[in-house]
Amino acid sequence: MDGEAVASEATGNVSGIKEPRAVSQGHGEGHGARLPIVAMIGGGQLARMTQQAAIALGQSLRVLAESPNDPAAQVCPDIVFGTHSDPAALAAAAEGAAAVTFDHEQVPNDLIEALVERGVPVSPSPAALVYAQDKLVMRRRMASLNIAQPAFAQVDSVDDVTKFGDEHGWPVILKAATGGYDGRGVWFVDSTEEAAEILAGGTDVEFLVEERVDLKRELSALVAHSPFGQGAAWPIVETVQVNGQCSVVIAPAAGLPDDVALAAEEMGLRIANELDVVGVMAVELFETKSGELLVNELAMRPHNSGHWSMDGSRTSQFEQHLRAVLDYPLGDTRPIAPVTVMANVLGAAEAPDMSMDERIHHLFARMPDAKVHMYGKSERQDRKIGHVNIVGEADGSLADAEYVEAVRARAELAAKFLSTAVWTDGWDPHGEGEHK
Ligand code: ADP
């Protein structure tokens, strides 16, 4: 691609700028004088946090949301109400927008193609987005690019699973090619019988089978890519998963050799470039016990593994996504501290009696430096309702395991407190204050 520029040696290097384009469409009432409209399909927390970044750029996001209670609908004045599978609602949201982008990957690809055919500027394009929507299509493309990934096969019948398991070893991982998230649509399968049961339950879905990777941990390579061809990579982060759901992110990942980290950043940039992604993309990675990095899946939008960047990087993923879809020069992605830890606030099994307002009050009394991001969602078990970032002190070092562990412990303690109103370390709020 013309003007291709990728991050070079150092994390966060971006290069390549161009003259501002003349924007001929997408200006609207309430969107600031002569600033383009970005429309986001889906009113979840990613749209809500993108609106935060839009405000700083003098803009205001337009959002296609289903209800006034959606996280983004609570904070955006320009809402089109409707579903992402309704062509009329999509068209209304896209009207006059300089860029249409997504808060999730569930919009049917043919509806996005229809928008593109009508001249709507959609980022990422349906041709790129399909690799985040369909795991089988993505696996085949990664194979054609020689990107390291788990062995896999398409599943047309249970015999395909048996054959694959006998060849690669049991258990195997059975996956629905489309529609899954947070581990839904992923099964660890020990036998032909188990596989048969799962396949019987999903007659209208395509399946694939993967070898079970001997995981050391999970990582994420977060990058951004612009239409101009600029690329930017944040440092590789560790994503700690609990029950198939992201729980904690350690940014950067500790203990990753520099050459491996750099190669992973470059791989993320290469994938974004090859697939012509516009916007932020997360490449979810497995680190094997032998130190190899394998691609798990792609997400083409701001991602949970990048929430740390709101407080821990010079440019947050939400601002970067806007910059990329508007084809502005990309921002500096270097971290501002040796480590930043993000912990998700998940709804508790039973919402505590203490109000969220009071919980936040107590948290701030104990941890003045905790950065709290709540999504305006009601509390339901294991629902992501917010996150907390703790930015490590500047004099620490990623190589110092105790320092990293202390930052992580505080982030988890804070998030757990917001979930449950319980200090899991037994801290007494009526005792001494804490400042670190
Ligand atoms: P989702 O799209 O629902 O996030 P993923 O494909 O990311 O599903 O899988 C969810 C989790 O299942 C992963 O984070 C990982 O912990 C585990 N997993 C998925 N594929 C494999 C695999 N091939 N080997 C080992 N674990 C896997």
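Residues numbered from 1 in each chain as written. Predicted model: local features only at pLDDT ≥ 70, side-chain atom pairs only at ≥ 80, totals over all residues. Heavy atoms only, no water.

Some thoughts on the pairing of strand β13 (residues 279-288)
- Within β13, ten of the ten residues are buried, which leaves it mostly tucked inside the rest of the structure.
- Alignment of strand β9 (residues 215-225) against β13, held across ten bridges, turns out to be antiparallel. By the bridge assignment, Ala221 is partnered in β13 with Val283.
- Hairpin remark: β13 followed by strand β14 (residues 293-299), antiparallel, with four residues in the connecting loop; positive phi at Gly291, about 95°. (Buried < 20%, exposed > 50% of the residue type's maximum accessible area, 1.4 Å probe, protein only. Helix = DSSP H or I, 4+ residues; strand = E, 2+ residues; numbered from the N terminus. Pairing = 2+ DSSP bridges.)

Notes on the sheet that holds strand β8 (residues 207-211)
- The strand order across the open sheet formed by four strands is β5-β8-β6-β7, and the pairing between neighbours is antiparallel. At either end of the open sheet lies a strand with only one pairing partner, and these are β5 (152-155) and β7 (186-189). Going from strand to strand, the sheet's axes swing by 25° on average, the running direction of each strand aside.
- As paired strands, strand β6 (residues 172-176) and β7 are joined by four bridges and run antiparallel to one another. Each residue of the ladder has a partner; that of Lys175, found in β7, is Val186.
- Sitting on the sheet, helix α7 (residues 192-200) touches β5, β6, β7 and β8, and the angle it makes with β7 is about 160°. (Axes fitted to C-alpha atoms, helices over the stretch in contact; angles between N-to-C directions. Contact = heavy atoms within 4.5 Å.)

Thoughts on the pattern of salt bridges
- Across all of its chains, the model carries 17 salt bridges by this definition.
- Residue Lys135 is joined to Glu297 by a salt bridge in which the shortest nitrogen-to-oxygen separation is 3.8 Å. With Lys135 in helix α5 (residues 135-144) and Glu297 in strand β14, this pair connects stretches of sequence that are 162 residues apart.
- Relative accessible area serves as the criterion here: at 13%, Lys135 is assigned to the buried category.
- Judged by relative accessible area, which is 22%, Glu297 ranks as partly exposed.
- One salt bridge connects Arg139 with Glu210, and the closest N-O pair in it is separated by 2.9 Å. A residue pair is termed long-range when its members are at least 10 positions apart, and Arg139 in helix α5 and Glu210 in strand β8 qualify at 71 residues. Each member of the pair Arg139 and Glu210 is classed as buried.
- Bridged by salt links that share partners, the residues Lys216, Arg217, Glu238 and Glu287 form one connected network. (Salt bridge = Lys/Arg side-chain N within 4 Å of Asp/Glu carboxyl O.)

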